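Next come the chains, spelled out residue by residue.
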Amino acid sequence: MKLMIVDDSKIVQNMIQRFLTEKDIEFAGKANNGKEALDIFEIVRPEIVTMDITMPEMDGIEAVKRIVAIDENVRILVVSALADKATAIEALKNGAHGFLCKPFDERDLNDALYELIEDLVDE
Amino acid sequence: MNEQELQVFIDGTVNYFNKNSKDKAEVGSPYLVKEFKSNRTLFSASIGISGKFQGMVYLFAPKTMLASLLKDIGETEYTNEYAADLAGEAANTIAGNARKYFGKDFMISVPAVHIGDEHEILLNEGLKTYAVPINWKEHKSILLISI
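Residues numbered from 1 in each chain as written. Chains lettered and ligands numbered in written order. Predicted model: local features only at pLDDT ≥ 70, side-chain atom pairs only at ≥ 80, totals over all residues. Heavy atoms only, no water.

1. Here's the deal with the overall build of chain A
(1) Moving on: Scanning chain A for helices and strands turns up 5 helices and 5 strands.
(2) Moving on: Counted from the first residue to the last, chain A has its helices and strands arranged as β-α-β-α-β-α-β-α-β-α.
(3) Moving on: Computed over the C-alpha atoms, the radius of gyration of chain A is 13 Å, within 12% of the 14 Å expected from 2.2 N^0.38 for a compact globule of 123 residues.
(4) Moving on: Here the C-alpha coordinates of chain A stretch approximately 35 × 30 × 25 Å along the principal axes.
(5) Moving on: Evaluated residue by residue, chain A yields a buried proportion of 55% over its 123 residues.
(6) Moving on: In chain A, of all internal contacts separated by at least 6 residues, the share reaching a separation of at least 24 is 64%.
(7) Moving on: Accessible area for chain A stands at about 5500 Å²; split by element, carbon and sulfur atoms hold 46% of it.
(8) Moving on: Taken together, the 14 basic and 26 acidic charged side chains of chain A have centroids lying 3 Å from each other. (Helix = DSSP H or I, 4+ residues; strand = E, 2+ residues; numbered from the N terminus. Rg over C-alpha atoms; globule rule 2.2 N^0.38 Å. Buried < 20%, exposed > 50% of the residue type's maximum accessible area, 1.4 Å probe, protein only. Contact = heavy atoms within 4.5 Å. Areas by Shrake-Rupley, 256 points an atom, 1.4 Å probe, with all protein chains shown as cover. Lys, Arg positive; Asp, Glu negative; His and termini not counted. Charge placed at Lys NZ, Arg CZ, Asp CG, Glu CD.)

2. Some remarks on the packing of helix 1 (residues 10-19) of chain A against helix 3 (residues 80-97) of chain B
When two helices pack together, their arrangement is given by the angle between the helix axes and the distance between those axes.
(1) Moving on: Taken N-terminus to C-terminus, the directions of helix 1 of chain A and helix 3 of chain B make an angle of 90 degrees; their axes are 8 Å apart at the nearest point. As far as their axial angle goes, helix 3 of chain B and helix 1 of chain A are roughly perpendicular. Residues A:Lys10, A:Ile11, A:Val12 and A:Asn14 of helix 1 of chain A form the contact with helix 3 of chain B, whose own contacting residues are B:Glu81, B:Tyr82, B:Asp85, B:Leu86 and B:Glu89.
(2) Moving on: For the contact of helix 1 of chain A with helix 3 of chain B, a count of residues per class yields 4 nonpolar, 1 polar and 4 charged. (Axes fitted to C-alpha atoms, helices over the stretch in contact; angles between N-to-C directions. Parallel < 35°, antiparallel > 145°, perpendicular 65-115°, else oblique. Nonpolar A, V, L, I, M, F, W, Y, C, P; charged D, E, K, R; others polar.)

3. Digging into the sheet that holds strand 1 (residues 2-6) of chain A
All names here are of chain A.
(1) Moving on: The sheet built from 5 strands is open, its strands ordered 2-1-3-4-5 with parallel pairing. Looking at the sheet topology across the chains shown, the edges are occupied by strand 2 (26-31) and strand 5 (98-101). Averaged over all neighbouring strand pairs, the angle between strand axes comes to 20 degrees, with direction disregarded.
(2) Moving on: Strands strand 1, strand 2 and strand 3 (48-51) of the sheet are contacted by helix 1, whose axis makes an angle of about 175 degrees with strand 2. (Pairing = 2+ DSSP bridges.)

4. So, the packing of aromatic side chains
(1) Moving on: Enumeration according to the criterion identifies 11 aromatic pairs over all chains in this entry.
(2) Moving on: The structure contains a cluster of three or more aromatic residues connected by ring pairs, namely B:Phe9, B:Phe53, B:Tyr101, B:Phe102 and B:Phe106. (Phe/Tyr/Trp six-rings, centres within 6.5 Å; stacked < 30°, edge-to-face > 60°.)

5. As for the interface of chain A and chain B
(1) Moving on: Counting residues at the interface gives 24 residues for chain A and 24 residues for chain B.
(2) Moving on: Together, the buried faces of chain A and chain B total about 1900 Å²; carbon and sulfur atoms form 56% of this surface.
(3) Moving on: Notably, a salt bridge pairs A:Lys102 with B:Glu89, separated by 3.0 Å at the nearest N-O pair.
(4) Moving on: The tally of links between chain A and chain B comes to 15 residue pairs in polar contact (both at pLDDT 80 or more).
(5) Moving on: Elements that contribute at least two residues to the side of chain A that touches chain B include exactly helix 1 and helix 4 (85-93) of chain A.
(6) Moving on: Among the elements that make up the side of chain A that touches chain B, the one with the highest residue count is helix 1 of chain A (6 residues).
(7) Moving on: Tallied by class, the residues present in the side of chain A that touches chain B amount to 12 nonpolar, 4 polar and 8 charged. (Buried area = accessible area lost by both parts, 1.4 Å probe. Salt bridge = Lys/Arg side-chain N within 4 Å of Asp/Glu carboxyl O. Polar contact = N/O pair within 3.5 Å; in protein donor to acceptor, adjacent residues only side chain to side chain.)

6. Considering the packing of helix 1 (residues 3-20) of chain B against helix 2 (residues 63-72) of chain B
Residue and element names in this part refer to chain B.
(1) Moving on: Running from N to C, helix 1 and helix 2 point in directions that differ by 50 degrees, and their axes come no closer than 9 Å. It follows from the interaxial angle that helix 1 and helix 2 lie oblique. Mapping the contact onto sequence places Tyr16, Phe17 and Asn20 in helix 1 and Met65, Leu69 and Asp72 in helix 2.

7. Remarks on helix 3 (residues 60-70) of chain A
Helical geometry note: an α-helix holds 3.6 residues per turn, so side chains three or four residues apart project in the same direction.
Residue and element names in this part refer to chain A.
(1) Moving on: Taken residue by residue, helix 3 has Gly60, Ile61, Ala63, Val64 and Ile67 as its buried positions. Looking straight down helix 3, one finds that the buried residues subtend no more than 160 degrees of arc, so they occupy a single side.
(2) Moving on: Sitting at the amino-terminal end of helix 3 is aspartate 59, which places a side-chain oxygen 3.1 Å from the backbone nitrogen of isoleucine 61. (Arc of directions from axis to C-beta.)

8. Considerations on the confidence of the model for chain A
(1) Moving on: For chain A, per-residue confidence averages 94 on the pLDDT scale, and 98% of positions sit at 70 or higher.
(2) Moving on: Within chain A, no element has a lower average pLDDT than helix 5 (residues 106-122) of chain A, which sits at 89, and none a higher one than strand 3 of chain A, at 98. (pLDDT = per-residue confidence, 0-100.)

9. Focus on the environment of B:Ile147
All names here are of chain B.
(1) Moving on: Following the sequence through the fold, isoleucine 147 ends up in the segment after strand 10 (139-146).
(2) Moving on: The exposure class of isoleucine 147 is buried, given its relative accessible area of 14%.
(3) Moving on: Placed 142 residues apart in sequence, isoleucine 147 and glutamate 5 show a C-alpha to C-alpha distance of 9.9 Å.
(4) Moving on: Apart from residues no more than four positions distant in its own chain, isoleucine 147 is found in contact with Met1, Phe9, Phe53, Gln54, Gly55, Met56, Val57, Phe106, Leu127 and Lys128.

And the structure:
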């Protein structure tokens, strides 16, 4: 499955790419904000997206909404520093499938990604 | 801001270093400041706080510290661009994590980053500003919380 990373921090983008060990997931592209994510999503058509929330141009919640409107089957893991429950609930209500709070380590990321695609891998 | 609220930021800072490095950060005693000057050796990242709360969170760190942290997270490039990116991400994470305590009305901006320039930080006189020393490995940085 193809993964797109959306985050306004290059070091977070790199960290997610480097930490990826889940064998069923391959890195396919990255974007620096929600607006860019929509453009790249149309080209790459990933099955999985990691999405930051606080970003310039277009935030992650809006980008989640718009990406799900394009492809309702996409699995989105929100990866954000915003640690309150309300933000996680808002992301899930808008179409995200999981929420990972920053800071995270390799295990946190892969566990969250595995949970995101568990049912697809088992099929 | 009371002691409990200040502790939220201190815990967030310690957690940030603990997740990203085997070396633990040590936090010194917070103190009140009325003015603060950054200098050429420091990278700074600031996060604006709005909504139900008003203020700023700043992180000041030397390039050597940021380069060492970049190495610990697995980066191989230690450029000014990456050091500034890391300072912004750290400040964003510390401020964002505080929403677990303050709730969703504690709204944070994207980080603004200054690279090693000498400038005075314009602090809001109507707010108490605490400086929190952060020592990690041999490096010293400062977290300023003005809320």
